[in-house]
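Below are the chains, spelled out letter by letter.
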Amino acid sequence: MGFSIRKAEKGDEVSLAHIQTESWKAAFKGILEDEILDKCTEMEPTIRMYKKLLDADKGNGYILEVDGRPHCIAWWDRSRTESVSEYAELICIHSLQDNWRKGYGSKMLNRVLHDMKEEGYDRGMLWVFRENIRARKFYEANGFVTHGMVKPGIYPEEICYEKQL
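A brief look at the structure comes next. What you see is a predicted model; the values in this text were computed from it and never measured.

Take the packing of helix H1 (residues 13–27) against helix H3 (residues 43–56) next. Put simply, H1 and H3 touch, their axes get as near as 8 Å, and they point 130° apart. The orientation of H1 with respect to H3, classified from their angle, is oblique. Both H1 and H3 take part in a crossing whose hand is right-handed. Counting all contacts with H1, which are made through Glu13, Val14, Leu16, Ala17, His18, Gln20 and Thr21, the residues of H3 involved are Met43, Thr46, Ile47, Met49, Tyr50, Lys51 and Leu54. Of the residues assigned to the contact of H1 with H3, the class counts are 8 nonpolar, 4 polar and 2 charged.

Given below as structure tokens:
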């Protein structure tokens, strides 16, 4: 299977939203309550969110295509967490379940980490649900370690991972 990674651009909001919502449904079932998961995976608000980001040229979005079809997305920007504001933050990385564990997530992550470094960042960070063991193993296999920060008042609990770039 051939793949390519490109920057997200105006007009990609439906593909971005589709991959995010389908990924959330598969990855967060049993982690998020059904009612919350249903609300977070509504297409129209997710499309609007990506359209707003693309229109404002906010952050750095990517789409990985497998055989010409969108499969994986990622988004990063300067950290939104004040105590680590000098870090780059991986805000999301999502892929469709049919190609999980085939290396595409690692390829996307490597591209994002490379671009963070190229933009002058020394460290990258991300937030992940403590119960999301599959994602935590993925990040750990790619060199991320827990930072020790926990998002206060969030349920389920999110923990911070970081990596030297």
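This next bit is on helix H5 (residues 133–141). All buried positions along H5 are accounted for by Ala135, Arg136 and Tyr139. For H5, the buried positions fall inside an angular range of 100° around the axis, keeping them on one side. Exposed and oriented more than 90 degrees from the buried face of H5 are Lys137 and Ala141. Contacts from the buried residues of H5 go to strand S4 (88–95), strand S5 (123–129) and strand S7 (158–164). Positioned one or two residues after H5, Gly143 has a phi angle of 90°, which is positive.

Sheet architecture is open: 7 strands sit in the order S1-S2-S3-S4-S5-S7-S6, paired in mixed fashion. Looking at strand neighbours, the two that pair on one side only are strand S1 (3–7) and strand S6 (145–150), the edges of this open sheet. Averaged over all neighbouring strand pairs, the angle between strand axes comes to 30°, with direction disregarded. By the bridge criterion, 7 bridges tie strand S2 (residues 60–66) to strand S3 (residues 69–78) in an arrangement that is antiparallel. For Val66, the partnering residue across the bridge sits in S3 and is Arg69. Seen against the sheet, H1 touches S2, S3 and S4 and runs at an angle of roughly 95° to S3. Docked against the sheet, helix H4 (residues 104–118) engages S1, S2, S3, S4, S5 and S7, running at close to 150° with respect to S2.

What follows concerns the nonpolar core. General note: in soluble globular proteins, nonpolar side chains tend to be found buried as a group. Counting residues in each nonpolar core, the largest one holds 24 residues, and the members touching the most others are Leu90, Ile93, Met108, Val112 and Tyr139. Contributing elements (two or more residues each) for this core: S2, S3, S4, H4, S5, H5 and S7. Among the elements that take part in this core, H4 stands out by supplying 6 residues, more than any other. Setting aside chain neighbours within four positions, we find Val112 in contact with Tyr62, Ala74, Trp76 and Leu90.

On to the pattern of salt bridges, then. One pass over the full model with this rule turns up 11 salt bridges. Between Arg6 and Glu65 there is a salt bridge whose closest N-O contact spans 3.5 Å. Note that Arg6 is positioned in strand S1 and Glu65 in strand S2, a separation of 59 residues in sequence. Residue Glu65 is classed as buried on the basis of its relative accessible area of 15%. Residue Arg123 is joined to Glu162 by a salt bridge in which the shortest nitrogen-to-oxygen separation is 3.4 Å. Of the two residues, Arg123 sits in strand S5 while Glu162 sits in strand S7, which places them 39 residues apart along the sequence.

Conventions we followed
Residues numbered from 1 in each chain as written. Predicted model: local features only at pLDDT ≥ 70, side-chain atom pairs only at ≥ 80, totals over all residues. Heavy atoms only, no water. Axes fitted to C-alpha atoms, helices over the stretch in contact; angles between N-to-C directions. Helix = DSSP H or I, 4+ residues; strand = E, 2+ residues; numbered from the N terminus. Parallel < 35°, antiparallel > 145°, perpendicular 65-115°, else oblique. Left-handed = near helix turned anticlockwise from the far one by under 90°. Contact = heavy atoms within 4.5 Å. Nonpolar A, V, L, I, M, F, W, Y, C, P; charged D, E, K, R; others polar. Buried < 20%, exposed > 50% of the residue type's maximum accessible area, 1.4 Å probe, protein only. Arc of directions from axis to C-beta. Pairing = 2+ DSSP bridges. Core = buried A, V, L, I, M, F, W, Y, C linked by side-chain atoms within 4.5 Å. Salt bridge = Lys/Arg side-chain N within 4 Å of Asp/Glu carboxyl O.

Honestly, that's just the spatial picture; any functional story needs more than this.
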